[in-house]
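What follows is the residue order along each chain.
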Amino acid sequence: MSSDCSSGPYTSEGAKRESVLLEILNFSSQREVPPEATLPQRLIHKDVKAFEQLYDLHSRIVYSLVRRIIQQSSTAEEVVQDVFLHLWRNAAQYNPEKGPFVPWLLTLARNRALDHLRLKSERQRRREDLTEVMPPLAIAPGYEEVLDQKRRAERVQALMSSLHPRQKQAIELAYFEGLSHSEIAETLKEPLGTVKSWIRNGLQRLKERLQATS
Amino acid sequence: MNNCEKFQELIEAYALGALDAEEHAVLDAHVSSGCSDCAKAIEEARWVVSHLAYLAPEQAPSLTLKNRLMQTVRAEATASRRPVLVFPGRTLWTWMGVAALIILTLYSGWNTRRLQEQASQARDSAAEAERDQRKLQEQLAVTEREVSILADPASVRISLLPQNAQAPQLEAMWHPELGIVVTGQQIPVPAGSRVWQLWLIPKTPGAKPVPSLTVRPGPGGKFVLPVFTPPKLIAETKALAITEEPAGGSPQPTTTPRWVGGIS
């Protein structure tokens, strides 16, 4: 039965019926255990359920990152909306052969947030709003998801805290504020060469430890 | 590979976006020329860099954002399933040819398509039913907890008196373990997208009000604000207050309290 159903476009009417029935059966089993890895591909076919699952899985880390960069909750939500709509409308841009989905999504979110920061000249305003307290959570998060993100966060924070504080600061200025080597050197009042080697060595150490713990 | 060595020291900063414009352009050109080793190294470095996102303090977006996104996504998915036939500037013969082709295709594939539509409808209905069920379960859990807080003798009743004598009163019940529920009737709806926000006033002298959740009254001014994980303990709090704030709430009050209730 299954071999008939996959025999190509010139199937008989009966085989087509079977393939439709199989499609229903396959859908049922997918619905029970959604394979996370295939979610981005399902977006290409405008699968709303896949989009919702992806949003539920990754919206917290994407929002946390964008909120950290922009430092303003309502603007951060606009950028997060922009990121997820871009994902929905351009899902084919993600190529699984080039790497996992989450780093790709986080890179997209970070770039959008930094672009927004530059375009809107919010950097000055952000400095003025540094005393802003983080707002309360609007929704209760899923326990497992939070636990997973907490574990990842703890692992990366532990790795980063093992770096020299100035080295960590240099990396954070580049990542969260989008500063270049020269701008970081100026901000930290350190020689350009020192900043370059801090960033390179810091990320290499992070890579080694991530690979060792992966 | 020798040519690559001079670029190796730029890879991490390139992935981080920290290279100055000139160095960035040089490495860009090198990778564009087809160096697969450097391209692979950049992908690896991007993977490392993406982990830095976990240094950001963890926060959740509002439920409104998800609702807004899902509304847009569902509308676009529905629109993309609708067939749109546009043939600008075609001649009559082209039209007739296209029409004949469509009729032929429709006829030969009618039965198959009918089944596919049924499958698609079944999928949509199943997904819809599952979503509804999940929503109902969540609502039921919230309601059960609200009832527990309101009915449990361990809950402390707090009357929140309006600063404007004509406004109706709000009432809060605070259970030391289950949380707070604030309720009221015929409460005015704030203008535009603004919301009512609950604040916990700490006993510590000079301490700032602690922000809690926000709400917009429902039909008939029905006001129900459950806070299952209050940011302060009841023993540390001397009063509750409610102010009008922009959508999403504020980290510090931006207007004077409209209701205040002391905890005895």
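Conventions we followed
Residues numbered from 1 in each chain as written. Chains lettered and ligands numbered in written order. Predicted model: local features only at pLDDT ≥ 70, side-chain atom pairs only at ≥ 80, totals over all residues. pLDDT = per-residue confidence, 0-100. Pairing = 2+ DSSP bridges. Helix = DSSP H or I, 4+ residues; strand = E, 2+ residues; numbered from the N terminus. Axes fitted to C-alpha atoms, helices over the stretch in contact; angles between N-to-C directions. Contact = placed C-beta atoms within 7 Å. Nonpolar A, V, L, I, M, F, W, Y, C, P; charged D, E, K, R; others polar. Core = buried A, V, L, I, M, F, W, Y, C linked by C-beta atoms within 7 Å. Buried ≥ 20, exposed ≤ 12 C-beta atoms within 10 Å, placed from the backbone.

Asks: Account for the confidence of the model for chain B, naming residues and giving values.
Replies: Model confidence for chain B is summarised by a mean pLDDT of 85, while 95% of its residues fall at 70 or above. Confidence estimates for the predicted assembly give a pTM of 0.51 and an ipTM of 0.71.

Asks: So what's going on with the sheet that holds strand β8 (residues 259–262) of chain B? Which residues, and what values?
Replies: Each strand in a sheet pairs with another by means of backbone hydrogen bonds, the pair being arranged parallel or else antiparallel. All names here are of chain B. One open sheet holds the eight strands; their spatial order is β5-β4-β7-β8-β1-β2-β3-β6, and the pairing between them is antiparallel. Each edge of the open sheet carries a strand with a single partner, namely β5 (210–215) and β6 (223–227). Taking each pair of neighbouring strands and ignoring which way they run, the sheet shows an average axis angle of 20°. As judged from the five bridges shared by strand β2 (residues 170–175) and strand β3 (residues 179–184), these two strands associate in the antiparallel manner. Note on β3: the bridge partner recorded for E171 is T183.

Asks: For the interface of chain B and chain A, give the residues involved together with the corresponding values.
Replies: Across the contact, 55 residues belong to chain B and 67 residues belong to chain A. Contributing elements (two or more residues each) for the side of chain B that touches chain A: α2 (11–16), α4 (36–50), α5 (63–81), α6 (92–151) and β5 of chain B. Residue contributions to the side of chain B that touches chain A peak at 11 residues, all from α5(B). Of the residues in the side of chain B that touches chain A, the class split is 31 nonpolar, 14 polar and 10 charged.

Asks: Which residues make up the confidence of the model for chain A, and what are the values?
Replies: Residue and element names in this part refer to chain A. Counting all residues, the mean pLDDT for chain A is 74, and 67% of those residues have values of 70 or more. A low-confidence stretch, residues 16–34 (pLDDT under 50), is modelled with 18 contacts involving residues beyond four sequence positions or located in other chains. Confidence over residues 126–147 falls short of pLDDT 50; this stretch has 32 contacts with residues more than four positions distant or in other chains.

Asks: Which residues make up the nonpolar core, and what are the values?
Replies: A:V62, A:L65, A:V66, A:V80, A:A174, A:I199 and B:L16 are the most contacted members of the largest nonpolar core, which has 68 residues in total. If one sorts the elements of this core by residue count, helix α4 (residues 48–70) of chain A sits on top with 12 residues. With near-sequence residues (within four places) excluded, A:L65 lies in contact with A:L106, A:A109, A:R110, B:A53 and B:A56. One finds B:W174, B:V181, B:V195 and B:L213 within the second-largest nonpolar core, a separate group that totals 26 residues.

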